[in-house]
Number of protein chains: 2
Amino acid sequence: MGKALIIGAGGVASVAIHKCCQNPEVFEEICIASRTVSKCEAIKNKLAGGRTKIHTAQLDADNTDMVIDLIKSFRPDIVMNLALPYQDLSIMDACLATGVDYVDTANYEPPDTPKFEYKWQWAYREKYKQAGITGLLGSGFDPGVTGVFCAYAQKHYFDEIHYIDIVDANAGDHGYPFATNFNPEINIREVTAKGRYFDNGAWIETAPLSVKKVYDLPEIGPKNIYLMYHEELESLAIHIKGIKRIRFWMTFSDNYLNHLRVLQNVGMTSIEPIDFEGHSIIPLQFLKAVLPDPASLGPRTKGKTNIGCIIQGLKDGKPRTYYVYNVCVHEECYAEVGSQAISYTTGVPAMIGAMLTLKGIWKKPGVFNVEEFDPDPFMEALNQYGLPWQEDFSPTLLD
Amino acid sequence: MGKALIIGAGGVASVAIHKCCQNPEVFEEICIASRTVSKCEAIKNKLAGGRTKIHTAQLDADNTDMVIDLIKSFRPDIVMNLALPYQDLSIMDACLATGVDYVDTANYEPPDTPKFEYKWQWAYREKYKQAGITGLLGSGFDPGVTGVFCAYAQKHYFDEIHYIDIVDANAGDHGYPFATNFNPEINIREVTAKGRYFDNGAWIETAPLSVKKVYDLPEIGPKNIYLMYHEELESLAIHIKGIKRIRFWMTFSDNYLNHLRVLQNVGMTSIEPIDFEGHSIIPLQFLKAVLPDPASLGPRTKGKTNIGCIIQGLKDGKPRTYYVYNVCVHEECYAEVGSQAISYTTGVPAMIGAMLTLKGIWKKPGVFNVEEFDPDPFMEALNQYGLPWQEDFSPTLLD
C-alpha cells in the first residue's frame, strides 16, 4: 500500500518498526533514519527477510533541509516522527514543503524551556489544510490511546462526559534498587513539576506530588497514584465537549520517590558542572553513568502496566460510569519485539495511527489530535496489534 | 613544664592545640607537624601571641626516620599522635627509638584491611617498659573518656561491675539534608559493619544495624540507638574485672541512614573506578566532591552531643546503677575553638592525657589504655577544660 519514513531508532521506534513489519500489506517499504545510522542498521538486521522492504539513512532531524532531501529521495507517503519532541517542528516543516502526511507521539517542546503545550504544533493547522496534508499529533499511548478511549466512550456510551480520570500505572519490576527507564533528568523533571488539572473551565495548579490517592487497578492491585499534568489534558479539555473536570494520575513507588529525593538532596541530579580533579563534570551525567543502563532493563523487567480512562457522565438522562484500559505485560512485550511495555505501549499506537492515515481512514487536511477522528478502527487495531482493551461499567471512582 | 610534638593538623589536632595553649604552664612549647605545613601555619597564626611557643614542621608520619629526625631536632617530652590511625606504629617506633612518651586517640589499623584491634599496639608493651617510656593509647572521647568513666565508677561506686552500655549520641543539626562529618567512606564503613559485643566471656556478632533501641538521653531526648562495635570494648572487657556484658550504642537518624542506603544502592559509594568521558573516576570520590565540605559544617552545626556510660553492678552486696555522661554543645565549641563538638570531644581528652603524662601523674613504663590509670585527675581536668560530666544514680537501663 505505501511507504513510511520513520525518524528515530530508539525503543519506541524499534517497536513501531517491528509492528510495521507485521503489517507488510500496509507498510510495503520503510526507511529508518537517525543521527546514528548504526542503530538503524541494527534494527534492519533484526527484521531482514520479512516482506517489508527496509532502507536506512543518516539524518539530523533538526535540519529541515536535510529532512526535505531525504523525503525527496525516498518519496514516502507518510513521515513517522519517533525521535525527540524537540524536532517536531523541523520535521513538520519538511512535510509541509514536500506535501507528505505527518504523525508523531509527543508534542513539541522548545529545547531550552521544555514545556508541554500544543500551541506550536496547532499553529500549523491552516498551513496543513491549505497543503491538503494530514498532521496526526500524539499517536502514542498517553497521549494517543487515552484520547481514542475518550472518543470511543463519547461515541458509544455517553451523551455528555463530565469527568475523566486518566490513570497510568507501571507495576514493572526490574530488580534493581533504583533505575530509570529514560534519561534520569526527565524522571526528575516529572516528579518535581507542578500538577495541573482542568476543573469547571479553569486550570488548577497543585504543588509537585501533593495530591496523592490509592487506586486499586485491575490486574495490578492498589497503588499510590499522584496527580500530574500530562499533555493530552490540553486537547481533551477542548475536544470533549461539556467536560467539567479532567485529571491525569501516575503511579510512583515510595522507593522510587525516595531514591530520587535523596539524589536531589545530595546534589547528584544537578546540571551545574562542578570541577573535579581538573575536569568539568555535570553531576547528573555522572549519575547516569553509575546507574544501570536503561537499555539493560528490558530483559529484566517483569510485571504489568495498566493505562486507562475512568469516565463519568450522562446517557439518556441517567448517570453512567465507564472504565476502559489496557493491561500490558513487560516480559511478553520483550519476548515479542525485544522492548518492554513502556516502549511497546507507545510504539504500537504510532504504527496504528500511521496505518489509518495511509489507508485513508484517518486522513483529512489539517493538524489533528487523535480524539478528533473516528475511534472505532483504532480500537479494533489495538486489539489486533497487541494492546487489547477491557471495559468496566461500574469502576471505583476517584473523588 | 614541657614540650609536645603534635602530629596532625585536622579538626581534632586543632582543638587539642587550642587547649594546650590554654594551658601554657604545662605546654610551654609545641611543634605542629603535618604533611601539609600550610595547615600547621594556619593554626599557629590563629594562636600566635599566647604564652605557648609554637613551631611548625613538614612531616610524612608514615616515615619513621623522618619522625625520628624531627624528634631529635625539636626534642619534645611527649609526642601527641593526632593524625590518621594508619600511622600509629611508625610514630610509636620513632618514640621508642628516641625514648619519648607517646599518646594517641585511636588504635592502629592496617591501611589495606582496616580493622579495630589493639593487638598491634599492645605488642609494644614490653619494648616500652624496657625503654622506660609511656605509651598512652586511645585518649580521645570514645575511646578515652568512656574508659576513664568506667575506671571512675569502679574506683568510687562499685565492688563489681557487671554491665556497661556506652551510648554515643550526636543530636547536632547542620541544616543540610545530608552531609558527613568525616570522609563518607568511613561513615559508610560504620553503618555497614557488623555489630559486636562482649557477653559472658564471648564476643557476639550481630548483623549491621540489626539491634536497635530507643533511649531517652539527658538534654537530648529519645533517639534511635544502634548496637555497634567500638574499639574501647576490647580493652574494657579485659580491664574491668568481672564484667559480664559490655555494649556500645550509637545514634543514627532515619534520614541519615536513608541517604547512605540510597547512595549505596545506586553505586555512588563504590570505590571501584568507572570510565567516565575518558577519565577513570571513583564514584565515592565524586560523591565527596558533590557533598558539602565537612569543614563547612562547623559554623552551621547546632545542638548537642551526649556520650556516656550506663553501668550496673554491686556495692556492699547490693545492686547499684550509675550513669556518667558529658553533654557538649556544638555551637559553644565552635565559638571557643573554631571546631564543633565532634572534634572538641576528642581533642580535649588528647590534651588532658598528654598533660597528665607530662606532669608525671599518668606516667609509668609500658603501653596502657586510659582505664589502667587513676581516673580522678582526668575527671577533674574534664571539668576544668570544657567537658564537664554529670551523674545519675537511677538511670533508665537498656535491657
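Parameters and conventions
- Residues numbered from 1 in each chain as written.
- Chains lettered and ligands numbered in written order.
- Predicted model: local features only at pLDDT ≥ 70, side-chain atom pairs only at ≥ 80, totals over all residues.
- Heavy atoms only, no water.
- Helix = DSSP H or I, 4+ residues; strand = E, 2+ residues; numbered from the N terminus.
- Buried < 20%, exposed > 50% of the residue type's maximum accessible area, 1.4 Å probe, protein only.
- Arc of directions from axis to C-beta.
- Contact = heavy atoms within 4.5 Å.
- Polar contact = N/O pair within 3.5 Å; in protein donor to acceptor, adjacent residues only side chain to side chain.
- Pairing = 2+ DSSP bridges.
- Core = buried A, V, L, I, M, F, W, Y, C linked by side-chain atoms within 4.5 Å.
- Domains from an automatic or database assignment.
- Buried area = accessible area lost by both parts, 1.4 Å probe.
- Salt bridge = Lys/Arg side-chain N within 4 Å of Asp/Glu carboxyl O.
- Disulfide = S-S within 2.5 Å.
- Axes fitted to C-alpha atoms, helices over the stretch in contact; angles between N-to-C directions.
- Parallel < 35°, antiparallel > 145°, perpendicular 65-115°, else oblique.
- Left-handed = near helix turned anticlockwise from the far one by under 90°.
- Nonpolar A, V, L, I, M, F, W, Y, C, P; charged D, E, K, R; others polar.
- Least-squares fit on C-alpha atoms with pLDDT ≥ 70 in both.

## Topic: unusual backbone geometry
Thinking step 1. The omega torsion across D142 of chain A and P143 of chain A is 10°, close enough to zero to call that bond cis.
Thinking step 2. Following the sequence through the fold, P143 of chain A ends up in the loop between β6 (134-137) and α7 (145-156).
Thinking step 3. Positive phi, close to 50°, is recorded for N200 of chain B, a residue that is not glycine.
Thinking step 4. Relative to the helices and strands, N200 of chain B is located in the loop between β8 (195-199) and β9 (202-206).
Thinking step 5. Judged by its relative accessible area of 61%, N200 of chain B is exposed.

## Brief notes about helix α3 (residues 64-74) of chain A
Residues spaced three or four apart along an α-helix face the same direction, because each turn holds 3.6 residues.
Residue and element names in this part refer to chain A.
Thinking step 1. What α3 keeps buried is the set V67, I68, L70, I71 and F74. Buried residues of α3 fall within an arc of 165° about the axis and therefore sit on the same side. Turned more than 90 degrees away from the buried face of α3 sit D65, K72 and S73, all of them exposed.
Thinking step 2. Summarising the contacts, the buried residues of α3 are in contact with β1 (2-7), β2 (27-34), β3 (53-58), β4 (78-81) and α4 (88-98).
Thinking step 3. Between the side-chain oxygen of the N-cap and the backbone nitrogen of D65 there are 3.1 Å, and the N-cap of α3 in question is N63.
Thinking step 4. A positive phi of about 55° marks R75, the residue just after α3.

## A look at the pairing of strand β10 (residues 212-217) of chain A
All names here are of chain A.
Thinking step 1. Bridge analysis of β10 against strand β11 (residues 221-228) gives 6 bridges, and the strand direction is antiparallel. Pairing of K212 across the sheet is with Y226, part of β11.
Thinking step 2. Between the antiparallel neighbours β10 and β11 lie 3 residues, among them E219 with a positive phi of about 65°.

## A word on the nonpolar core
Proteins that are soluble and globular tend to have nonpolar side chains buried together.
Thinking step 1. Core analysis: the biggest nonpolar cluster contains 188 residues, and F27 and M80 of chain A together with F27 and M80 of chain B have the highest contact counts within it.
Thinking step 2. Look past the residues within four positions of F27 of chain A in its chain and what remains in contact with it is G2, A4, C20, T52, M80, M351, A354, M355 and L358 of chain A.

## Remarks on the domain arrangement of chain A
Residues and elements named next belong to chain A.
Thinking step 1. Domain parsing of chain A yields domain 1 (2-137) and domain 2 (145-338).
Thinking step 2. Counting residues at the interface gives 16 residues for domain 1 and 9 residues for domain 2.
Thinking step 3. For the domain 1 and domain 2 pair, buried surface summed over both sides reaches about 1100 Å², with 50% attributable to carbon and sulfur atoms.
Thinking step 4. Considering only the surface of domain 1 that becomes buried against domain 2, F116, Y118 and W122 emerge as the three largest contributors, covering 48% of it.
Thinking step 5. At the junction of domain 1 with domain 2, the criterion picks out 1 salt bridge.
Thinking step 6. Its salt-bridge partner being K19, residue E336 comes within 2.6 Å of it at the nearest N-O pair.
Thinking step 7. The tally of links between domain 1 and domain 2 comes to 4 residue pairs in polar contact (both at pLDDT 80 or more).
Thinking step 8. Sorting elements by how many residues they give to the side of domain 1 that touches domain 2 places helix α1 (residues 11-21) first, with 4 residues.

## Considering the state of the cysteines
All names here are of chain B.
Thinking step 1. Scanning the entire structure with this criterion turns up 0 disulfides over all chains.
Thinking step 2. For the unlinked cysteine C309, the closest cysteine sulfur is that of C150, found at 4.0 Å.
Thinking step 3. You can see C328 has no disulfide; the closest cysteine sulfur is in C333, sitting 3.2 Å from it.
Thinking step 4. The exposure class of C328 is buried, given its relative accessible area of 3%.

## What to know about the side chain of T146 of chain A
Residues and elements named next belong to chain A.
Thinking step 1. Within the secondary structure, T146 sits in helix α7.
Thinking step 2. The buried category is assigned to T146, whose relative accessible area is 0%.
Thinking step 3. Beyond its immediate sequence surroundings of up to four residues, T146 is in contact with F141, I166, E232, I307 and C309.

## A short note on the packing of helix α11 (residues 283-290) of chain A against helix α11 (residues 283-290) of chain B
Thinking step 1. The contact between α11 of chain A and α11 of chain B brings their axes to 12 Å, and the two run at 155°. Taken together, α11 of chain A and α11 of chain B sit at an angle that is classed as roughly antiparallel. In the crossing of α11 of chain A with α11 of chain B, the sense of the turn from one axis to the other is left-handed. The residues of α11 of chain B that touch α11 of chain A, namely those facing P283, F286 and V290 of chain A, are P283, F286 and V290 of chain B.
Thinking step 2. Here the contact of α11 of chain A with α11 of chain B is composed, by residue class, of 6 nonpolar, no polar and no charged.

## Regarding the sheet that holds strand β17 (residues 366-369) of chain B
All names here are of chain B.
Thinking step 1. If you walk across this open sheet you meet the 7 strands as β3-β2-β1-β4-β5-β6-β17, and the pairing is parallel. A single partner strand is all that each edge strand has here, and the edge strands are β3 (53-58) and β17. On average, each strand axis in the sheet is inclined to that of its neighbour by 20°, with strand direction left out of account.
Thinking step 2. As paired strands, strand β1 (residues 2-7) and strand β4 (residues 78-81) are joined by 4 bridges and run parallel to one another.

## Quick word on the environment of H156 of chain A
Thinking step 1. Mapped onto the secondary structure, H156 of chain A falls in helix α7.
Thinking step 2. Only 2.7 Å separates the side chain of H156 of chain A from the side chain of D376 of chain A, close enough to count as a polar contact.

## Details of the relation of the copies chain A and chain B
Thinking step 1. When chain A is fitted to chain B, the residual RMSD is 0.0 Å, and the transformation amounts to a turn of 180° plus an axial shift of 0.0 Å. Given the turn and translation reported, the copies of this chain are related as if by a two-fold rotation axis.

## Digging into the environment of K3 of chain B
Residues and elements named next belong to chain B.
Thinking step 1. You can see K3 is positioned in strand β1.
Thinking step 2. Here K3 falls in the partly exposed class, since its relative accessible area comes to 21%.
Thinking step 3. For the pair formed by K3 and F74, sequence separation is 71 residues and the distance between their alpha carbons is 8.5 Å.
Thinking step 4. K3 has contacts with E29, F74, R75, P76, D77 and I78, leaving out every residue within four places of it along the chain.

## Topic: the interface of chain A and chain B
Thinking step 1. Counting residues at the interface gives 20 residues for chain A and 20 residues for chain B.
Thinking step 2. When the buried surface of chain A facing chain B is broken down by residue, V266, F276 and F286 of chain A rank first, second and third, together holding 29% of it.
Thinking step 3. Put simply, chain A and chain B have 0 salt bridges between them.
Thinking step 4. Where chain A meets chain B, there are 4 residue pairs in polar contact (both at pLDDT 80 or more).
Thinking step 5. Those elements that place two or more of their residues in the side of chain A that touches chain B are α10 (254-265), β13 (274-276), β14 (279-281) and α11 of chain A.
Thinking step 6. Tallied by class, the residues present in the side of chain A that touches chain B amount to 14 nonpolar, 6 polar and no charged.

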